[in-house]
Amino acid sequence: MKHIKVLLLLLLAFTACKNHDNASHPKKMAVIVSTLNNPWFVFLAQTAAARAQKLGYETKIFDSQNNTALETDHFENAIASGYSAILFNPTDANGSVVNVLKAKKAGVPVFCMDREVNSANAATSQILSDSYSGCVALGKYFVQTMHKKGNYVEILGIVADNNTWNRSKGFHSLVDYYPGLKMVAQQSADFDRNKAMEVMESILQAHPDITGVFCGNDAMAMGAYQALVASGKAGNVKVFGFDGAADAIQAIKENKVTATAMQFPKVMAETAANYADEYFKGKRDFPKKIQVAAEMVNANDIDDYIAYGKKN
Amino acid sequence: MGKKLLKCAIIVVVSIFVVYNSIYFKKLDEVKASANKEFNATAYARNYLDKKLIPSIGTIPSTDSLLSILKQNAPNAFKTYSHAMDIGNIGYFMSKGQGVVTSIDESDVSILTPDKQNIKIATEYIFGNALRDAPGIININDFTNTGDLNSISSELDKIVRNEVVPPFKAKVKKGDKIEFAGAFELNKEHLNLDNIEVIPFYLKIQ
């Protein structure tokens, strides 16, 4: 009986300490992002962290370097270090599911930003860009500015990411109806500017007669443009990107890039942080998935836009 | 002895219960079929057009009345009459109407409505999500991945391009009076009511 009393007292003391510990430290949110080697994702991660801090949370940004193994390490570290929520930009639509499920099992809600994981129930909510619709609009402008004819190339993003294919499918859902437009090469450059430059240099050797290039993001569009400048063909080839990154917006103003699709990373990042905050306050009925519209931007309306979102 | 027997019996019953509820047998071909089950966007789009869009013609607002409301109070018109699966500036409106054909070009048939509004009926660029999203009846959360959702738009637009537009385009001429039903897109930040382009799902020359 005496032992039981001592045990109960110890348990009470432990619980009190634990409660005190929770009360004295604010909850923490981890921001795990696919890469920080692209200014667009830096903006996404920093905006999510800034919003979470404004809401009173400690934050830390983890860079997965487009590597799912490293992403797994970050999830394990975040869970072990007591992060209460993860604002997540996945590296791989299928490969990242296991990490989200691991966090879910540990009671840590995950809010996906910009990119989705292929699971309806793993993440608490997924806030995504409507890449497909943005690229349908880009495809229409591509057909109009190319006057329905010419050879072109497509530079894809990371092949394991759904956004890569949603963008490609949106573009081709329209462009493929025009037999005068012939895609002579389609290669991945992993959403990376330097890789896109190398890919474009190599394609130009085999296909010097192209008149258009559609890239899955602005970083690759800028890389492709660099390769075109180096080969002396920049004036003959129309370059299309996707994102609304600062250098692409400037390039549209200077007639170097023809068009891009403006995404709104601020909306996605802040919505994710707000949702996590609402989760801690007891809300549970989040939409499993919401999309943020992407808007086509060209030289005609470039003055209405600034990088990463519209002017207010 | 009796206690020991009872204990053994309970252990046996519990073990059988646990094992029975832990193991399931299924035919391998059934599991494979389930894993490979693909979303049939073509069938979904056909059903959506026949069972949802066509029957809605009687209840959707006319383009003339919608434009009048948009000119008076655009935010309210967006709130009441537009739908969008995305959050952002884009809204899609269902509408129907009639008008006299004023010109025909490669991409559109232009008409003048009874309220003297110039409207374009798209006959070439029938792409995107206007017809899928304007009625506001498809829920994004019913789909595991957005690719399936996008394929609905793709298949629906394909039906319109292949079945609705060609017989109309083959016969329509300047001066004809036509009826239409469809959807159009507006950007609430960049509101332009002078260039309305309707993506049709119903077209008739009177």
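Look up a bit, the structure's there.
Q: Any chance you could explain the overall build of chain B here in plain terms?
A: If you tally the helices and strands in chain B, you get seven helices and seven strands. Scanning chain B from its N terminus toward the C terminus, one meets helices and strands in the order α-α-α-α-α-β-β-β-β-β-α-α-β-β. Going through the 206 residues of chain B one by one, you find that 41% of them count as buried. By sequence separation, contacts in chain B at least 24 residues apart represent 69% of the contacts at least 6 residues apart. For chain B, the exposed area adds up to about 11700 Å²; of that, 55% sits on carbon and sulfur atoms.

Q: Is there a simple way to explain the packing of helix α4 (residues 63-72) of chain B against helix α5 (residues 74-81) of chain B in this structure?
A: Geometrically, a packed helix pair is captured by the angle between its two axes and the distance between the axes. Residue and element names in this part refer to chain B. Axis separation between α4 and α5 bottoms out at 5 Å; the angle between their running directions is 135 degrees. Relative to α5, α4 is oriented oblique. In this structure, α4 uses Leu66, Ile69, Leu70 and Gln72 to contact α5, whose residues at the interface are Ala74, Ala77, Phe78 and Tyr81.

Q: Even after reading the chapter, I still don't get the environment of asparagine 99 of chain A, so can you show me in this structure?
A: All names here are of chain A. When you line up the elements, asparagine 99 lands in helix α4 (residues 97-105). On the basis of relative accessible area, asparagine 99 is assigned to the buried category, the value being 0%. Put simply, asparagine 99 and valine 159 are 60 residues apart on the chain and 19 Å apart in space, counted from C-alpha to C-alpha. Apart from residues lying up to four places away in sequence, asparagine 99 is in contact with Thr68, Glu71, Thr72 and Phe75. In this structure the side chain of asparagine 99 is engaged in a polar contact, spanning 3.0 Å, whose partner is the side chain of threonine 72.

Q: I would appreciate a short explanation of a nonpolar patch on the surface in the present structure.
A: Residues and elements named next belong to chain B. Taken together, Leu6, Ile10, Val14, Phe17 and Val18 make up a surface patch of nonpolar side chains, about 490 Å² in accessible area. One can find phenylalanine 17 in helix α1 (residues 2-22). Its relative accessible area of 56% is what places phenylalanine 17 among the exposed residues.

Q: How do you make sense of the pairing of strand β8 (residues 212-215) of chain A when you look at a structure like this?
A: Both faces of the sheet carry side chains from a regular strand, because those side chains alternate between them. With burial as the criterion, each face of β8 of chain A is covered, one bearing Gly212 and Phe214 of chain A and the other bearing Val213 and Cys215 of chain A. Between the parallel pair β8 of chain A and strand β9 (residues 238-240) of chain A, the chain is carried across by helix α8 (residues 218-230) of chain A, and the sense of this crossover is right-handed.

Q: Please clarify how the environment of arginine 167 of chain A should be interpreted in this entry.
A: All names here are of chain A. Relative to the elements of secondary structure, arginine 167 occurs in helix α6 (residues 162-175). Taking the relative accessible area as the measure of exposure, arginine 167 reaches 3% and is therefore buried. When the C-alpha atoms of arginine 167 and glycine 216 are compared, they prove to be 6.5 Å apart, with 49 residues separating the residues in sequence. Residues contacting arginine 167, with those up to four places away along its chain left out, are Asp114, Ser131, Cys135, Phe191, Phe214, Gly216, Asn217, Phe242, Asp243 and Gln263. Reaching out from arginine 167, the side chain makes a polar contact with the side chain of serine 131 at a distance of 3.2 Å. Side-chain polar atoms of arginine 167 contact the backbone oxygen of glycine 216, separated by 2.7 Å.

Q: Looking at this structure, how should I read the pattern of salt bridges?
A: Working definition: two side chains of opposite charge can pair if their charged atoms are close together. All names here are of chain A. Scanning all chains against the criterion turns up 16 salt bridges over all chains. The salt bridge partner of arginine 115 is aspartate 161, with a shortest N-O separation of 3.4 Å. Separated by 46 residues along the polypeptide, arginine 115 in the loop between β4 (110-114) and β5 (125-129) and aspartate 161 in the loop between β6 (150-156) and α6 bring together distant segments of the chain. You'll find arginine 115 and aspartate 161 in the same group, each marked buried.

Q: Help me understand the interface of chain B and chain A in this model?
A: How big an interface is tends to be stated in terms of the accessible area lost upon association of its parts. Listed as interface residues are 26 residues of chain B and, on the opposing side, 30 residues of chain A. For the pair chain B and chain A, the interface holds three salt bridges. Seen at the junction of chain B and chain A, the total is 13 residue pairs in polar contact (both at pLDDT 80 or more). Residue assignment for the side of chain B that touches chain A shows that the elements contributing at least two residues are β2 (86-87) and α7 (146-171) of chain B. Considering each element in turn, the side of chain B that touches chain A owes the most residues, six residues, to α7 of chain B. Its residues placed into classes, the side of chain B that touches chain A shows seven nonpolar, twelve polar and seven charged.

Q: It is not clear to me how the sheet that holds strand β11 (residues 289-292) of chain A should be interpreted in this structure. Could you clarify?
A: Sheet strands associate in pairs through backbone hydrogen bonding, adopting either a parallel or an antiparallel arrangement. Across the sheet, seven strands lie side by side as β2(A)-β1(A)-β3(A)-β4(A)-β5(A)-β11(A)-β2(B); this open sheet has parallel pairing. Of all the strands in the sheet, just β2 (58-63) of chain A together with β2 of chain B have a single pairing partner and so form its edges. Summarising the sheet, β4 of chain A and β5 of chain A pair through four bridges and their orientation is parallel. Looking at β5 of chain A, one finds that cysteine 112 of chain A is bridged to glutamine 126 of chain A.

Q: Could you clarify how one ought to interpret the side chain of asparagine 217 of chain A in this entry?
A: Structurally, asparagine 217 of chain A is set in the loop between β8 and α8. Classification of asparagine 217 of chain A as buried rests on a relative accessible area of 1%.

Q: What am I meant to see in the packing of helix α2 (residues 39-54) of chain A against helix α10 (residues 265-280) of chain A here?
A: All names here are of chain A. Interaxial distance between α2 and α10 falls to 8 Å at its minimum, and their mutual angle equals 35 degrees. Judged by the sense of rotation from one axis to the other, the crossing of α2 with α10 is right-handed. In contact with Trp40, Phe43, Leu44, Thr47, Ala48, Arg51 and Ala52 of α2, α10 contributes Pro265, Lys266, Met268, Ala269, Glu270, Ala273 and Asn274. Here the residues of the contact of α2 with α10 are counted per class, giving nine nonpolar, two polar and three charged.

Cut-offs applied
All residue numbers refer to positions counted from 1 along the written sequence of the respective chain. Following the order in which they are written, the chains are lettered starting with A and the ligands numbered starting with 1. Per-residue local features are limited, in this predicted model, to residues with pLDDT of at least 70; the limit for side-chain atom pairs, both in listing and counting, is 80 or more; totals at the level of whole chains, interfaces and linings are taken over all residues. Note: side-chain values were computed over all heavy atoms of the structure, leaving out hydrogens and water. Helical segments are the DSSP runs of H or I of at least four residues, strand segments are the runs of E of at least two, and each set is numbered from the N terminus. Throughout this description, buried means an accessible area under 20% of the type-specific maximum (1.4 Å probe, protein chains only), exposed means over 50%, and partly exposed covers the range between. Any pair of residues with heavy atoms lying within 4.5 Å of one another is described as a contacting pair. Here the open area of atoms and residues is found with the Shrake-Rupley method and a 1.4 Å probe, where only the protein chains shown may cover a residue. Orientation is described by lines fitted to C-alpha atoms, with helices fitted over the stretch in contact, and by angles between N-to-C directions that extend from 0 to 180 degrees. Note on terminology: angles under 35 degrees are roughly parallel, angles over 145 are roughly antiparallel, angles of 65 to 115 are roughly perpendicular, and the others are oblique. Pairing of N or O atoms within 3.5 Å defines a polar contact, subject to two protein rules: one partner must be a possible hydrogen donor and the other a possible acceptor, and residues neighboring in sequence count only if both atoms are side-chain atoms. Patch membership requires over 30% relative accessible area and the absence of a salt bridge. Like charges are linked within 9 Å, and nonpolar side chains (Val, Leu, Ile, Met, Phe, Trp, Tyr) within 5 Å. One speaks of a salt bridge when a side-chain nitrogen belonging to Lys or Arg is within 4 Å of a carboxyl oxygen belonging to Asp or Glu. Consider the strands pointing away from the viewer: the crossover is right-handed when the path from the first strand over the helix to the second runs clockwise. Ten residues, namely Ala, Val, Leu, Ile, Met, Phe, Trp, Tyr, Cys and Pro, are considered nonpolar, four, namely Asp, Glu, Lys and Arg, are considered charged, and the remaining ones, Gly among them, are considered polar. In this scheme, strands are said to pair when DSSP sees at least two bridges between them. For any helix crossing, the convention is left-handed if the near helix is rotated counterclockwise from the far helix by under a right angle, and right-handed if that rotation is clockwise.

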